[in-house]
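Fold and contact review
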Amino acid sequence: MTETLTPTSAPSDTAPSTAPAAEPVYTIPQERRIVTAIPGPRSEELHQRRLAVVSAGVSSTLPVYIKKANGAILVDVDDNQFIDLGAGIGVTTIGHTDSTVVEAAAGQVKEFIHTLFTITPYEEYVRVAELLATHTPGSWPKKSVLINSGAEAVENGVKIARKFTGRRAVAVLDHAYHGRTNLTMAMNYKAAPYATGYGPLAGDVYHAPSSYPYHDGLSGGDAARRTISYLEKAVGASDLACLVVEPIQGEGGFMVPADGFLPALQEWCTVNGVVMIADEIQSGMARTGAYYASEHFGWTPDLVLTAKGIAGGLPLAAVTGRAEIMDASQPGGLGGTFGGNPVACAAAIAVFESIEQNDLLAQGARIERALVAGLSALKQKYDIIGDIRGRGAMIAIELVQPGTGDTTKEPYAAAVSSIAAYAAQHGVLLLTAGTYGNVLRFLPSLALSDALIADALSVIDDAIAELPAPERNAEKR
Ligand SMILES: *Cc1c(COP(=O)(O)O)cnc(C)c1O
């Protein structure tokens, strides 16, 4: 099968959006192109090899094997090109193989690749900590520890908060996702697939009600009162070390909390000596049109967790926050062999530079405008789109069963899987999310052009039009 797709919309030089500061140069044409069945024959071949040697516990959303990527485009081993609306779950935030990151990492590889900062330190680690102190919310003195992954950042944030407070309990919110290590499995809302059969899980983790305006209809103040009331009864403030919160929940479905929710929780934490930690692993690093999504909500957390987007695709993560909290740990208590690897640090410095030099915060705002406008037009057309929410390049739609949008808002997960499958067949890589599996999330790189957004949305429009008629779905249930 050979099908060549061309973008349906012209480049939008007339669009009212912010043009990139410098016109980026791409090594791969920024367009989708499908030339084989999906997955193609070479991907099928690789997949057979993989099944023989890679654990079944490691799954893949779309088993097309990638050979190169640039900007917002992935190229697979069969030469199909996909518009990447997932960015490796929000990692290649400034675009695939961004030239500043590639040059910085390649340059560092030639100088030295590893010494271990806890043996013999180096400037790149210090520079990343300086940049984090500058760009994370809060104007107080801040310090950081660098590690390798998001889950490790969460683990360290909890360790640091426990050490500082001398308390034991950890609180999280409903619909949260924090990772796959032993402690973070216990912090996730969803047991399946992350924790099923992997117990015993870490104890002393409490799941408090969140703010989910589309479903709970609560004001930020009322939702915060409900959360605080739960924490006071189920834990007691005097035993609570930290409250860990994603300002916009990621895997849970991009829930944007009601206004006032996060500042009210922070105030309660401050009054009660609880460390409040922002898990900005998915929402941070310029993705939402601000360096950190907390800023949109007037929330200044005590500690901030950064990972995914920080180093352009290289593994790096950080806990950053109030110096007195970060310094409560004894020398040797924090660290790890690969934490703050110099190549990853060099890449991170390049990411921060690129955000500044190319005004990438404005690109987040541009993507939000284009996506929300396009998705709102689709919502007018299809009543299964119940909600559109998010900030910047972190936007989602929640799909509900036909006719339930104004009443019970029943999850329509089957539609989400069908749309994602249709999109993949037509060269658009689209991620799903949501506690009930009924959310399509748009988590592209900031390199995604308005033309690619329009093209991807036209594919999603076709995908929804292809869904079985509402009556048939009603019968199937
Ligand atoms: C991805 C993610 C994590 C876990 O990060 P890993 O690098 O996969 O360990 C934690 N919290 C949030 C909000 C995430 O999106």
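Preceding this section is the structure that the text describes.
Right, let's walk through the structure included here. Fair warning: this is a prediction, and the values are worked out from it, not measured in the lab. (Residues numbered from 1 in each chain as written. Predicted model: local features only at pLDDT ≥ 70, side-chain atom pairs only at ≥ 80, totals over all residues. Heavy atoms only, no water.)

Right, let's talk about empty space enclosed by the protein for a bit. Overall, the coordinates contain one cavity of 30 Å³ or more when judged by the stated rule. Considering the residues around the largest cavity, the lining is formed by Leu173, Ser210, Ser211, Val245, Glu246, Pro247, Gln249, Met255, Val256, Pro257, Phe261 and Leu262. A breakdown of the residues in the lining of the largest cavity according to their chemical character gives eight nonpolar, three polar and one charged. (1 Å grid on protein atoms, 1.4 Å probe; cavity = no way out; pocket = protein on both sides within 12 Å on 5 of 7 lines; lining within 4 Å. Points joined across faces, edges and corners; volume = space filled by probe spheres on them. Nonpolar A, V, L, I, M, F, W, Y, C, P; charged D, E, K, R; others polar.)

Time to look at the site of the ligand. Around the ligand, a shell composed of Ser149, Gly150, Ala151, Tyr177, His178, Glu246, Asp279, Ile281, Gln282 and Lys308 is seen. The backbone of Gly150 places a nitrogen or oxygen atom 2.7 Å from an oxygen atom of the ligand. Relative to its unbound accessible surface of 380 Å², the ligand loses 83% to contact with the protein. A breakdown of the residues in the shell around the ligand according to their chemical character gives three nonpolar, four polar and three charged. (Near = heavy atom within 4 Å. Polar contact = N/O pair within 3.5 Å; in protein donor to acceptor, adjacent residues only side chain to side chain. Areas by Shrake-Rupley, 256 points an atom, 1.4 Å probe, with all protein chains shown as cover.)

Another point: the pattern of salt bridges. One side chain can pair with another of opposite charge once the charged atoms of both are near each other. Across all of its chains, the model carries 14 salt bridges by this definition. Residue Asp239 pairs with Arg168 through a salt bridge whose shortest N-O separation is 3.1 Å. Of the two residues, Asp239 sits in the loop between helix 8 (220-234) and strand 7 (240-245) while Arg168 sits in the loop between helix 5 (150-165) and strand 5 (169-173), which places them 71 residues apart along the sequence. Judged by its relative accessible area of 31%, Asp239 is partly exposed. (Salt bridge = Lys/Arg side-chain N within 4 Å of Asp/Glu carboxyl O. Helix = DSSP H or I, 4+ residues; strand = E, 2+ residues; numbered from the N terminus. Buried < 20%, exposed > 50% of the residue type's maximum accessible area, 1.4 Å probe, protein only.)

Leu399 and Phe442 are the most contacted members of the largest nonpolar core, which totals 92 residues. No other element matches helix 11 (residues 342-357), which puts nine residues into this core. Each of domain 1 (41-97 + 360-472) and domain 2 (100-357) gives at least three residues to this core. Discounting chain neighbours no more than four positions away, the residues touching Phe442 are Leu85, Phe254, Leu371, Leu375, Ala393, Met394, Ile395, Ala396, Ile397, Leu430, Leu457 and Ile460. In terms of nonpolar packing, the next biggest core, distinct from the first, is built from 32 residues, Leu173, Leu240, Ile248 and Trp268 among them. (Core = buried A, V, L, I, M, F, W, Y, C linked by side-chain atoms within 4.5 Å. Domains from an automatic or database assignment. Contact = heavy atoms within 4.5 Å.)

Moving on, we get to helix 9 (residues 261-271). Where helix 9 is concerned, the buried positions are Phe261, Leu262, Leu265, Gln266, Trp268 and Cys269. What you see down the axis of helix 9 is that its buried residues fit within an arc of 165°, all on one side. Across from the buried face of helix 9, at angles greater than 90 degrees, the exposed residues are Glu267, Thr270 and Val271. Against strand 5, helix 8, strand 7 and strand 8 (275-279) lie the buried residues of helix 9. Just beyond helix 9, the residue with positive phi is Gly273, at close to 70°. (Arc of directions from axis to C-beta.)

Inspection of the secondary structure puts Gly427 in the loop between helix 13 (413-425) and strand 13 (428-429). Considering only alpha carbons, one finds Gly427 and Phe82, 345 residues apart in sequence, at a separation of 4.4 Å. Setting aside chain neighbours within four positions, we find Gly427 in contact with Arg32, Ile34, Gln81, Phe82 and Ile83.

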